[in-house]
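# Structural characterization, general
Chain by chain, the residues:
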Amino acid sequence: MEIMKKDIRALTKDQLREFFVANGDKAFRGNQVYEWLWSKGAHSFDDMTNLGLATRQMLEENFSINHIKVDSIQRSSDGTVKNAVRLHDGLVVESVLIPAKTRTTACVSSQVGCSLDCTFCATARLKRMRNLNPDEIYDQVVAIDSESRIYHNRPLSNIVFMGMGEPLMNYNNVLKAITMITSPEGLKMSPKRITLSTSGVPKMIKKLADDEVKFKLAVSLHSAIDEIRSQIMPFSKNFPLADLREALEYWYRKTKSRVTYEYVVWKNINDNKESIDALVKFCKYVPSKVNLIEYNAIEEGGFEQASEESINAYIRALEANDIVVKVRRSRGKDIDAACGQLANKEAEAN
């Protein structure tokens, strides 16, 4: 029976240094290996060319590098790229490269499947298999950065945690991944270019504030009326809007960072004056802006995009109250890469 080797990227730099000292080598070898694993993105110990053969063999005997593999790449007519990412245990998640005129954004996953049950989202229909490890999240970003350079001739500029899963239900691993992404020893990205999107878990939003994170926060709101929100996002019955409001007020007091509300307008659900007035009121609790998102239909969803007239009514009301609002047109719909469409169809077909 083969013994499972420890994933070497689960070790800190200090632990790597201690490993080498314990095995009769110099501590600085740990620094070299750490650099290969993170800033140089080594996929195997053989890649570590400044280490002797005996050292590489010792690493091979003791550890594994559980690197992701991009199983398939789909390219949309609008330039969006969707990756089917196979993990070391055979499970698959999806991540997306979204190009714009002046930037490219990586939309990354944090869980295999999802912990939540939003009725309008294809990912929510997949049961949560497990949380992603920090290195698996990090690897998605590295892969998309490489694709950005190949397809768009520029490095990745932004990251959004809006792929599969609820990031705050995988809190520690997500924060470790972001630490490495922003570290001088990792990808050196500014935390201001990273947005974590949550469906709204008040306790964990407060924890983010207490941990003094520097990245941006977005909340998938979709309704500022509890009755409607709990119909489309059933889990939110446990997290009423009063609790979410309190957590966001706490977030702003601690971070002074405004919140972005992600909001889809659906026909006969939240395309009415009551819903508009409730959103305007909710937006006034803390400094915020609103992204009105085009709905991307899923099979058997039962939801329908609201009319342009309804969306314009939202825009007029928000702007009249000095609330910044943008309409976000979906990208990659032809390859099921748009918001709410990530459902591992490629993996199911294989």
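These lines cover the structure that appears in this document, whether it is placed above or below. (Residues numbered from 1 in each chain as written. Predicted model: local features only at pLDDT ≥ 70, side-chain atom pairs only at ≥ 80, totals over all residues. Heavy atoms only, no water.)

## Notes on the environment of Phe45
Within the fold, Phe45 resides in the loop between helix 2 (28-37) and helix 3 (53-62). By relative accessible area, Phe45 is classed as buried at 2%. In this structure, the C-alpha to C-alpha distance between Phe45 and Met58, residues 13 residues apart in sequence, is 9.6 Å. Excluding residues within four positions of it along the chain, Phe45 makes contact with Ile8, Arg56, Leu59, Glu60, Phe63, Ser64 and Ile65. (Helix = DSSP H or I, 4+ residues; strand = E, 2+ residues; numbered from the N terminus. Buried < 20%, exposed > 50% of the residue type's maximum accessible area, 1.4 Å probe, protein only. Contact = heavy atoms within 4.5 Å.)

## Brief notes about the sheet that holds strand 9 (residues 158-161)
Taken in spatial order, the 10 strands make up an open sheet running 3-4-5-6-9-10-11-12-13-14, and their pairing is mixed. Edge positions in the sheet fall to strand 3 (69-75) and strand 14 (324-328), since each of these pairs with one other strand and no more. Strand after strand, the sheet turns through a mean of 20° between neighbouring axes, direction not considered. Bridge count for strand 9 against strand 10 (residues 194-198) is 3 bridges, and the pairing is parallel. Note that in strand 10 the partner of Ile159 across the bridge is Ile194. Helix 4 (residues 134-152) contacts strand 3, strand 4 (81-86), strand 5 (92-99), strand 6 (104-107) and strand 9 of the sheet and is inclined by roughly 40° relative to strand 5. Sheet strands in contact with helix 9 (residues 273-283) are strand 12 (259-264) and strand 13 (288-293), and its direction is about 170° off that of strand 12. (Pairing = 2+ DSSP bridges. Axes fitted to C-alpha atoms, helices over the stretch in contact; angles between N-to-C directions.)

## A closer look at the environment of Lys13
Relative to the helices and strands, Lys13 is located in helix 1 (residues 13-22). C-alpha of Lys13 to C-alpha of Gln32: the two residues are 19 residues apart in sequence and 9.5 Å apart in space. Excluding anything up to four places from it in sequence, Lys13 contacts Asn31, Tyr34 and Glu185.

## Topic: the packing of aromatic side chains
When we look at a pair of aromatic rings, we describe it by the centre distance and by the angle of the planes. Tallied over the entire structure, the rule returns 11 aromatic pairs. Consider the rings of Phe19 and Phe63, whose centres lie 4.9 Å apart with planes at 70°: the pair is edge-to-face. With Phe19 in helix 1 and Phe63 in strand 2 (residues 63-64), this pair connects stretches of sequence that are 44 residues apart. Grouping residues by exposure puts Phe19 and Phe63 together as buried. (Phe/Tyr/Trp six-rings, centres within 6.5 Å; stacked < 30°, edge-to-face > 60°.)

## What about the pairing of strand 13?
Of all 6 residues making up strand 13, 5 are buried, and the element is well covered by its neighbours. Inspection of the sheet shows strand 12 paired to strand 13 by 6 bridges, in the parallel sense. Opposite Val264, over in strand 13, you have Ile293 as the bridge partner. Handedness of the strand 12-helix 9-strand 13 crossover: right-handed. Examined bridge by bridge, strand 13 and strand 14 share 5 bridges and lie parallel to one another. Residue pairing for strand 14: Asn291 is matched across the bridge by Lys326. (Right-handed = clockwise from strand over helix to strand, strands pointing away.)

## Things to note about the packing of helix 1 against helix 2
When two helices pack together, their arrangement is given by the angle between the helix axes and the distance between those axes. Packing of helix 1 against helix 2 brings their axes to within 7 Å, and their N-to-C directions diverge by 135°. In terms of their interaxial angle, helix 1 and helix 2 are classed as oblique. Read as a crossing pair, helix 1 and helix 2 show a hand that is right-handed. Facing Lys13, Leu16, Arg17 and Phe20 of helix 1, the residues of helix 2 in contact are Phe28, Arg29, Gly30, Asn31, Val33, Tyr34 and Leu37. When grouped by side-chain class, the residues that make up the contact of helix 1 with helix 2 number 6 nonpolar, 2 polar and 3 charged. (Parallel < 35°, antiparallel > 145°, perpendicular 65-115°, else oblique. Left-handed = near helix turned anticlockwise from the far one by under 90°. Nonpolar A, V, L, I, M, F, W, Y, C, P; charged D, E, K, R; others polar.)

## Looking at the side chain of Gln32
Structurally, the position occupied by Gln32 is in helix 2. For Gln32, a relative accessible area of 16% corresponds to the buried category. Contact partners of Gln32, with chain neighbours within four places excluded, come to Asn50 and Leu51.

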